[in-house]
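Commentary on secondary and tertiary structure
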Amino acid sequence: MGRRLYEPCRAFLGVFGIWLGYQLADLPVGLLITIAILLVGWDADKSVFSCIVDWVDPDIVDKILQVATRVEKVRDVAEVRVRWLEHRLHAEVNIAVDSLLSVEEGHAIAVEVRYRIMHGLGYLSNVVVHVNPLGSDEVFHRFL
């Protein structure tokens with residue numbers, strides 16, 4: 001696709017240069033177009049490679065952690081995981097709440113954590129929040 005776009009430009013500039021009397025105009029124009037293609041390809045490859053290796057900016061994890069810890073009644077955030085799935089960011093957060101809370105109260109806290117993360121960080125597609133009682137060493141493992 002890129003070659004179809006650049007070849008007519010190169011040909012036009014080469015012919016125009018030769019028409020102006022520069023017999024070797026095609027060579028430098030071809031080199032400039034090649035450099036432009038390589039630069040565009042390099043930028044595209046960096047973002048694609050980041051998704052392939054599942055790399056996520058550590059600042060995103062820190063922001064999720066900050067938002068979750070600010071929610072009232074969240075006593076601890078045990079784990080935050082962020083992954084790429086089909087060009088979308090998904091997060092998993094394990095929170096700890098007071099063990100004397102009811103299931104309904106724990107669920108309400110999880111809903112609040114999810115709401116604040118989703119609306120505070122609009123680039124996330126989904127957030128799964130798991131609630132543990134405070135002091136539990138159990139970590140929720142779910143592979144996206």
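Residues numbered from 1 in each chain as written. Predicted model: local features only at pLDDT ≥ 70, side-chain atom pairs only at ≥ 80, totals over all residues. Heavy atoms only, no water.

Our next topic: the pattern of salt bridges. Across all of its chains, the model carries three salt bridges by this definition. For the salt bridge of Glu92 with Arg81, the shortest nitrogen-to-oxygen distance reads 2.6 Å. Highlighted residues: Glu92 in strand E2 (residues 88–97) and Arg81 in strand E1 (residues 76–85), separated in sequence by eleven residues. Between Glu112 and Arg116 there is a salt bridge whose closest N-O contact spans 2.7 Å. Placement of the pair is Glu112 and Arg116 together in helix H4 (residues 103–120), with a separation of four residues, close to one helical turn. A relative accessible area of 29% means that Glu112 is categorised as partly exposed. Look at Arg116 and you get partly exposed, because its relative accessible area is 34%. Among the charged side chains, a salt-bridge network with shared partners connects Glu79, Arg81 and Glu92. (Salt bridge = Lys/Arg side-chain N within 4 Å of Asp/Glu carboxyl O. Helix = DSSP H or I, 4+ residues; strand = E, 2+ residues; numbered from the N terminus. Buried < 20%, exposed > 50% of the residue type's maximum accessible area, 1.4 Å probe, protein only.)

What follows covers the nonpolar core. Counting residues in each nonpolar core, the largest one holds 24 residues, and the members touching the most others are Ile64, Val82, Val93, Ile95, Val113, Ile117 and Leu124. Looking at this core, the elements that each hand over two or more residues are helix H3 (58–69), E1, E2, H4 and strand E3 (124–133). Every residue in contact with Ile117, bar those within four places of it in the chain, is listed here: Ile64, Val67, Ala68, Val93, Leu124 and Val127. (Core = buried A, V, L, I, M, F, W, Y, C linked by side-chain atoms within 4.5 Å. Contact = heavy atoms within 4.5 Å.)

The next subject is a nonpolar patch on the surface. On the surface, Leu32, Ile35 and Leu39 cluster together into a nonpolar patch covering about 320 Å² of accessible area. Judged by relative accessible area, Ile35 falls into the partly exposed class, the value being 48%. (Patch = residues over 30% accessible without salt bridge, like charges linked within 9 Å, V, L, I, M, F, W, Y side chains within 5 Å. Areas by Shrake-Rupley, 256 points an atom, 1.4 Å probe, with all protein chains shown as cover.)

This paragraph deals with the pairing of E1. Across nine bridges, the pairing between E1 and E2 is antiparallel. Considered in E2, the bridge of Leu85 is made with Arg88. The turn joining E1 and E2, which pair antiparallel and follow one another in sequence, is formed by two residues; a positive phi near 50° is taken by Glu86. (Pairing = 2+ DSSP bridges.)

Once that is clear, we can look at the confidence of the model for the chain. Confidence in the prediction for the chain averages 79 pLDDT; 67% of positions are at 70 or higher. Of all the helices and strands in the chain, helix H1 (residues 2–19) carries the lowest mean pLDDT, 60, while H4 carries the highest, 95. (pLDDT = per-residue confidence, 0-100.)

Let us now look at the environment of Arg75. Counting through the fold element by element, Arg75 comes out in the loop between H3 and E1. In this structure Arg75 touches Ala96, Val97, Asp98 and Leu134, once residues within four positions along its chain are discounted.

To continue, consider the pairing of E2. Burial of E2 is extensive: nine of the ten residues sit out of reach of the surface. Relative to E3, E2 runs parallel, the two sharing nine bridges. When the sheet's bridge partners are listed, Glu92 is paired in E3 with Val128. With respect to chirality, the unit in which E2 leads through H4 into the neighbouring parallel E3 is right-handed. (Right-handed = clockwise from strand over helix to strand, strands pointing away.)

Moving on, we get to the sheet that holds E1. To summarise the sheet geometry, strands pair through backbone hydrogen bonds and adopt either a parallel or an antiparallel arrangement. Taken together, the three strands give an open sheet; going across it, the order is E1-E2-E3, and neighbouring strands pair in mixed fashion. Edge strands, defined here as strands with exactly one partner in the open sheet, are E1 and E3. Taken pair by pair, the neighbouring strands of this sheet meet at an average axis angle of 15°, ignoring direction. Sitting on the sheet, H3 is in contact with E1, E2 and E3, with an inclination near 140° to E1. The strands that H4 touches are E2 and E3; relative to E3, the one it contacts most, it runs at about 150°. (Axes fitted to C-alpha atoms, helices over the stretch in contact; angles between N-to-C directions.)

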